[in-house]
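Inside the fold
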Amino acid sequence: MDCPKSPPCCLVASGTKPLIFRALYFFLMINPAADRENRLVIVTGASSGVGLWATKALLDLGYKVVMAVRDTTRAQIAAAALGLSAKKLIPLTLELSDLNSVREFVKSFRNLNLPLDALVINAAIYKPLLKEPEWSAQGYEFTMATNHLGHFLLTRLLLEDLTNSDNPDRRVITLGTVTANSSELGGKIPIPAPADLGDLAGFEQGFKDPITMANGKLFKPGKAYKDSKLCNMIISLELHRRFHSSTGITFSSLYPGCVADSPLFRHSFPAFQRIFPWFQKNVTGGYVSQELAGNRVAQVVDSNEFNASGVHWSWGNRQKKNQQQFQQQLSSKITDLATAEKVWDLSSKLVGLN
Ligand code: NAP
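Throughout what follows, the structure given in this document is the object of discussion.

As for its placement among the helices and strands, Pro 128 is situated in the loop between β4 (118-121) and α6 (142-164). On the basis of relative accessibility, which here comes to 21%, the residue Pro 128 falls in the partly exposed class. C-alpha separation for the pair Pro 128 and Tyr 225, spaced 97 residues apart in sequence, amounts to 8.0 Å. Excluding residues within four positions of it along the chain, Pro 128 makes contact with Pro 221, Gly 222, His 267 and Ser 268.

Opposite charge on two side chains permits pairing when their charged atoms draw close. Counted according to the given criterion, the structure contains 13 salt bridges. Between Asp 227 and Lys 223 there is a salt bridge, and its shortest N-O distance comes to 2.9 Å. Separated by four residues within a single helix, Asp 227 and Lys 223 lie in helix α8 (residues 221-247), roughly one turn from each other. Look at Lys 223 and you get buried, because its relative accessible area is 5%.

Counted at 1.5 Å a residue, the expected span for helix α3 (residues 49-61) with its 13 residues is 18 Å, and the 19 Å between its end C-alpha atoms agrees. The buried count for α3 comes to 10 of 13 residues, which makes it a mostly enclosed element. What α3 keeps buried is the set Gly 49, Val 50, Gly 51, Leu 52, Trp 53, Ala 54, Thr 55, Ala 57, Leu 58 and Leu 59. Of the surrounding elements, those touching the buried residues of α3 are β1 (40-44), β2 (64-69), α4 (72-81), β3 (89-93), β5 (171-175) and α10 (290-302).

Conventions adopted
Residues numbered from 1 in each chain as written. Predicted model: local features only at pLDDT ≥ 70, side-chain atom pairs only at ≥ 80, totals over all residues. Heavy atoms only, no water. Helix = DSSP H or I, 4+ residues; strand = E, 2+ residues; numbered from the N terminus. Buried < 20%, exposed > 50% of the residue type's maximum accessible area, 1.4 Å probe, protein only. Contact = heavy atoms within 4.5 Å. Salt bridge = Lys/Arg side-chain N within 4 Å of Asp/Glu carboxyl O. Expected span 1.5 Å × (residues − 1).

As far as function goes, none of this settles anything; it's purely spatial.
Right under this line is the structure:
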């Protein structure tokens, strides 16, 4: 008869199991980091904010972390300032706005000859005050190129590495946001406009100058960020639909809370940067520290409580002590199958994949 409890319990409880299994179980109980010793996670944008603190939390759990960053020296300085040991950190250059850099990053990673256990899609830019659009190395609107297209190519390429890993528990975790989910209040805020890809005319027309927005309409830099995050969340679900059952990889996204004092807001008005954290702490109660947000990301990478695929995790928009995670309902803009297929196909074309 099958043991109703988890396998390690069986190993301990059953007198028939070899001593070595029992010894291994007790070793892992005493030293939980030991079973993560050979596990490796790539974190994009690990040089600051949530990515940096997630790196710390993952190292504390025992993982090796590839810091996928624009500037490896700056990343190493930031890691040292947090007291992180360089022993299990591997800084590698990744400029997400440049598809050639994404391909080079994957080559450099493969040259390390290390198995990949998890990928954290974290890096992002938010430039709400831009007067004119900026353009990526391949000529695409910069925010969409960085936050969505670069990550889309990276994930598609690294799927092979994740699939080849011996670890049965592999995960692709995407940082989503409340402002891209119109099922929640934060996703309905009309400043400058809610996230909305429209009929994807901008994607269809190639997303190059003069096309600046997914819907092909007027450039709104704050909306460009929300749209790119909407694409991140759509793709997380689409990856689940396409690959979860055939590969066993877990695909999920999360909203860690409002990290109102992270460097994400460095391109906003200075007054906003002062008032926003105060407002989130004292008025909405949505504020979470960079450290807590990083811990939440690490839990979603690591814990058995987060092994569901095709879901979006949240701890709510108002933070409460000891608040538990839950699976947040997503808007139809994120879950719609036809939109997801179109975003997948058109993004594949823009990054040069079939
Ligand atoms: P952050 O501190 O600004 O972190 C963003 C990271 O992305 C930085 O390390 C940055 O690198 C990197 N990055 C930017 N452009 C890049 C590029 N072209 N190529 C490679 N890396 C690039 O902001 P954060 O708040 O931690 O944000 C992390 C994630 O959390 C984002 O996906 C964001 O959407 C999400 N999120 C944030 C909040 C929040 O309230 N802050 C809420 C929900 C979700 P550099 O150091 O080189 O600039």
